[in-house]
Amino acid sequence: MRIAPLKFAADCMLGTLAKWLIILGHDVAYDSRVEDRELVEMARRQGRTILTCDRRLVLRRDARDHILIRSQELRSQIRQVLEERGLRIRKDRLFRRCIKCNRATRPVSRPSVRLDVPPYVYRTRRRFTRCPRCRRIFWRATHVSRMLADLSAGNISFMPGSAAGTRRTSRD
């Protein structure tokens, strides 16, 4: 099974799947307003696998590298992508990308975020990351265990590694 993250391009109907694949550590281009022609061209140009539930889109000659999503249920969609590409989820790659802009986040010093996170978070958390593009700050929060349990309930398994879950905030 593959361990390295893949690059995907999700069509406008698969926003939730795109978000979850980003959470799982994959580079997923998603724009709710993208037209099929633009999606196919961008995927080809950037070497991305197209994720779509549109049967007509996959008939396009340039849309050769694609996964036609069969289910409306999120866990089934995730399982299908993982199985069709031979992927495994590594806990140490979870929550390493910004959900808003898909960039890899970078560790930042705790003192550098003191004024940007809620006081309780600053007192109780030691590690923070920041998105270099949108500047959102992420930290491990209680929702991580719920999300991992939700995936496990859908028979989605993980490779060993430390879970690096995060929470975000933004000071615009």
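Read on for a plain summary of the structure. What you see is a predicted model, and the numbers here were worked out from it, not measured in a lab.

Here is what the cut-offs are and how they apply
Residues numbered from 1 in each chain as written. Predicted model: local features only at pLDDT ≥ 70, side-chain atom pairs only at ≥ 80, totals over all residues. Heavy atoms only, no water. Helix = DSSP H or I, 4+ residues; strand = E, 2+ residues; numbered from the N terminus. Buried < 20%, exposed > 50% of the residue type's maximum accessible area, 1.4 Å probe, protein only. Contact = heavy atoms within 4.5 Å. Polar contact = N/O pair within 3.5 Å; in protein donor to acceptor, adjacent residues only side chain to side chain. Axes fitted to C-alpha atoms, helices over the stretch in contact; angles between N-to-C directions. Parallel < 35°, antiparallel > 145°, perpendicular 65-115°, else oblique. Left-handed = near helix turned anticlockwise from the far one by under 90°. Nonpolar A, V, L, I, M, F, W, Y, C, P; charged D, E, K, R; others polar.

### A few points about the environment of Pro132
And then number 1: Along the chain, Pro132 falls in the loop between strand E7 (128–130) and strand E8 (137–139).
And then number 2: A relative accessible area of 33% places Pro132 in the partly exposed class.
And then number 3: A sequence separation of 34 residues divides Pro132 from Cys98, and the C-alpha atoms of the two residues are 9.2 Å apart.
And then number 4: Beyond its immediate sequence surroundings of up to four residues, Pro132 is in contact with Arg103, Ala104, Thr105 and Arg106.

### Here we look at helix H4 (residues 74–84)
And then number 1: Those residues of H4 that fall on the buried side of the exposure criterion are Gln77, Ile78, Gln80, Val81 and Leu82.
And then number 2: A side-chain oxygen of the first residue of H4 lies 3.2 Å from the backbone nitrogen of Arg75; this N-cap is Glu73.
And then number 3: Looking one or two residues beyond H4, the residue adopting positive phi is Gly86, at roughly 60°.

### With respect to the packing of helix H1 (residues 15–23) against H4
And then number 1: Two elements in contact, H1 and H4, have axes whose closest approach is 10 Å; the angle formed by their N-to-C orientations is 55°. Classified by the angle between their axes, H1 and H4 sit oblique to one another. Both H1 and H4 take part in a crossing whose hand is right-handed. Between H1 and H4, the residues in contact are Thr16, Leu17, Trp20 and Leu21 and Leu74, Gln77, Ile78 and Val81, respectively.
And then number 2: Partitioning the contact of H1 with H4 into residue classes produces 6 nonpolar, 2 polar and no charged.

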